[in-house]
Amino acid sequence: MNAIPTTTLHNGVVMPLLGLGVFQMTDADECTRVVTEALQMGYRLIDTAAGYGNEEAVGRAIRQSGVPRAEIFVTTKLWISDAGAGRTQAAFERSLQRLQLDYLDLYLIHQPYGDVYGAWRDMEALYQAGRIRAIGVSNFATDRVMDFLMHQQVAPMVNQIETHPFCQQIEAQRFLQEHRVQMQSWGPFAEGRNNLFQHEVLQDIARSHAKSVAQVVLRWLLQRGVVAIPKTGKRERLAENMAVRDFALTDAEMQTIAALDTQTSSFFDHRDPAVVMRLSQLVRAT
Ligand code: NAP
């Protein structure tokens, strides 16, 4: 099997370009089974969050997979209520404890709300102390990233944002590349919204490569240099989503997919005041 392609973050840390996301895997046994299978199948990047409530299940899978810890790139995220100087370090320790790990590969500020400045200073300290190999943000619009670049000591290594064929983030990627912040896609399939898996244009391209729509979308992200973390609870789809290294989309196919961009979220806009209020009121076990 070909090795999983990787990207190198601005601090030299190597990150796989393809991994598994575990959002909405709320059944602990199911989550442990899926992550264990994924690791045994060759996945080396697992994306969880304190807010997903499944860090323990992920930690159990990592231990029982038999894969050496150093080979796995583990990401978790800080929830809004834990953002703030002093609070963030404690939240980080709780996440590590639930994951039963002694260091993290990537720690992200999950949402651009609350005391993200205090949170970042705690994260910088943990990074400098060697407890985290890379630190980053999520759902940050480019102006928020620029603010961090201008006013924080350590520049974010990653920004994880909604990215799929209907919301391609072309301008954001250009900006992030210019500033050496790695872009990571969440929701690579838009969770199936807008009939993504039945989309005629994507189906035509898939047919011509004897691949699935899911594989075409992941291949499109890989060719753009965007890290993808598709979620699936099904063993056959874990294998399907990994089998994207034996074909390539042509420039013409990349252009055809580029035309599907609506430049709007399929979920919600993080800058909408109603969203800021709703997410900030979400109580999540941390
Ligand atoms: P997604 O990966 O776009 O879509 C997941 C959906 O696609 C599931 O319903 C899954 O169903 C289905 N699916 C997966 N592989 C498939 C295949 N080969 N063929 C057909 N259907 C397939 O959605 P997501 O979970 O929202 O995003 C991925 C990850 O990004 C999350 O798990 C999480 O780690 C991260 N994320 C982060 C944020 C953030 O704010 N930072 C927000 C959302 C997500 P089955 O499970 O039934 O296969």
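Refer to the structure presented above.
Residues numbered from 1 in each chain as written. Predicted model: local features only at pLDDT ≥ 70, side-chain atom pairs only at ≥ 80, totals over all residues. Heavy atoms only, no water.

Trainee: Tell me what's going on with the packing of aromatic side chains, and back it up with residues and numbers.
Mentor: Within this structure, the stated rule accounts for seven aromatic pairs. Each member of the aromatic cluster is reached from another via a ring pair, and the members are Tyr117, Trp120, Phe140 and Phe148. Above the plane of the ring of Tyr103 lies Arg69, whose end atom (NZ or CZ) is 3.9 Å from the centre. Against the face of Phe268 rests Arg278, its NZ or CZ located 5.2 Å from the ring centre. (Phe/Tyr/Trp six-rings, centres within 6.5 Å; stacked < 30°, edge-to-face > 60°. Lys NZ or Arg CZ within 6 Å of the ring centre and 35° of its normal.)

Trainee: For the packing of helix α4 (residues 116-128) against helix α5 (residues 142-151), give the residues involved together with the corresponding values.
Mentor: Across the interface, α4 lies against α5 with an axial gap of 12 Å and an inter-helix angle of 50°. Classified by the angle between their axes, α4 and α5 sit oblique to one another. The two elements α4 and α5 cross, and the hand of that crossing is right-handed. Contact with α4, carried on its side by Val116, Tyr117 and Trp120, involves Arg144, Asp147 and Phe148 of α5 and no other residues of that element. For the contact of α4 with α5, the class distribution of residues is four nonpolar, no polar and two charged. (Axes fitted to C-alpha atoms, helices over the stretch in contact; angles between N-to-C directions. Helix = DSSP H or I, 4+ residues; strand = E, 2+ residues; numbered from the N terminus. Parallel < 35°, antiparallel > 145°, perpendicular 65-115°, else oblique. Left-handed = near helix turned anticlockwise from the far one by under 90°. Contact = heavy atoms within 4.5 Å. Nonpolar A, V, L, I, M, F, W, Y, C, P; charged D, E, K, R; others polar.)

Trainee: A description of the site of the ligand should follow, citing residues and the corresponding values.
Mentor: The environment of the ligand is formed by 27 residues, the closest being Asp47, Glu191, Thr232, Lys234 and Arg237. Gln160 places a polar side-chain atom, nitrogen or oxygen, 2.9 Å from a nitrogen atom of the ligand. Within the backbone of Ala190, one N or O atom sits 3.4 Å away from an oxygen atom of the ligand. Protein contact buries 89% of the 900 Å² of open area that the ligand shows by itself. Ranked by residue count, the leading element in the shell around the ligand is helix α9 (residues 235-242), at three residues. Residues of the shell around the ligand, tallied by class, amount to eleven nonpolar, nine polar and seven charged. (Near = heavy atom within 4 Å. Polar contact = N/O pair within 3.5 Å; in protein donor to acceptor, adjacent residues only side chain to side chain. Areas by Shrake-Rupley, 256 points an atom, 1.4 Å probe, with all protein chains shown as cover.)

Trainee: A description of the pattern of salt bridges should follow, citing residues and the corresponding values.
Mentor: Counted under the stated rule, the structure contains 16 salt bridges. We note a salt bridge from Asp246 to Lys211, for which the minimum N-O separation is 2.9 Å. One end of the pair, Asp246, is in the loop between α9 and α10 (251-258); the other, Lys211, is in the loop between α7 (200-209) and α8 (213-224), and 35 residues separate them in sequence. Residue classification places Asp246 among the exposed positions, given a relative accessible area of 57%. A relative accessible area of 18% means that Lys211 is categorised as buried. One salt-bridge network, in which partners are shared between bridges, spans Glu30, Arg33, Glu37 and Arg235. (Salt bridge = Lys/Arg side-chain N within 4 Å of Asp/Glu carboxyl O. Buried < 20%, exposed > 50% of the residue type's maximum accessible area, 1.4 Å probe, protein only.)

Trainee: Let's hear about the environment of Ala155: which residues, and what values?
Mentor: Looking at where Ala155 falls in the secondary structure, it is placed in the loop between α5 and β8 (158-162). Accessibility expressed as a relative area gives 23% for Ala155, which makes it partly exposed. Every residue in contact with Ala155, bar those within four places of it in the chain, is listed here: His10, Trp120 and Leu149.

Trainee: Help me get a handle on the nonpolar core, residues and values and all.
Mentor: Ranked by internal contacts, the top residues of the largest apolar core, which has 89 residues, are Leu20, Val35 and Ile109. A per-element tally of this core places α8 first, with eight residues. Residues within four places of Ile109 in sequence aside, it is in contact with Leu78, Val116, Ala119, Trp120, Met123, Gly136, Val137, Ser138, Phe140 and Phe148. Membership of the second largest hydrophobic core comes to five residues, among which are Trp79, Ile80, Tyr113 and Val275. (Core = buried A, V, L, I, M, F, W, Y, C linked by side-chain atoms within 4.5 Å.)

Read these as geometric descriptors, not functional statements.
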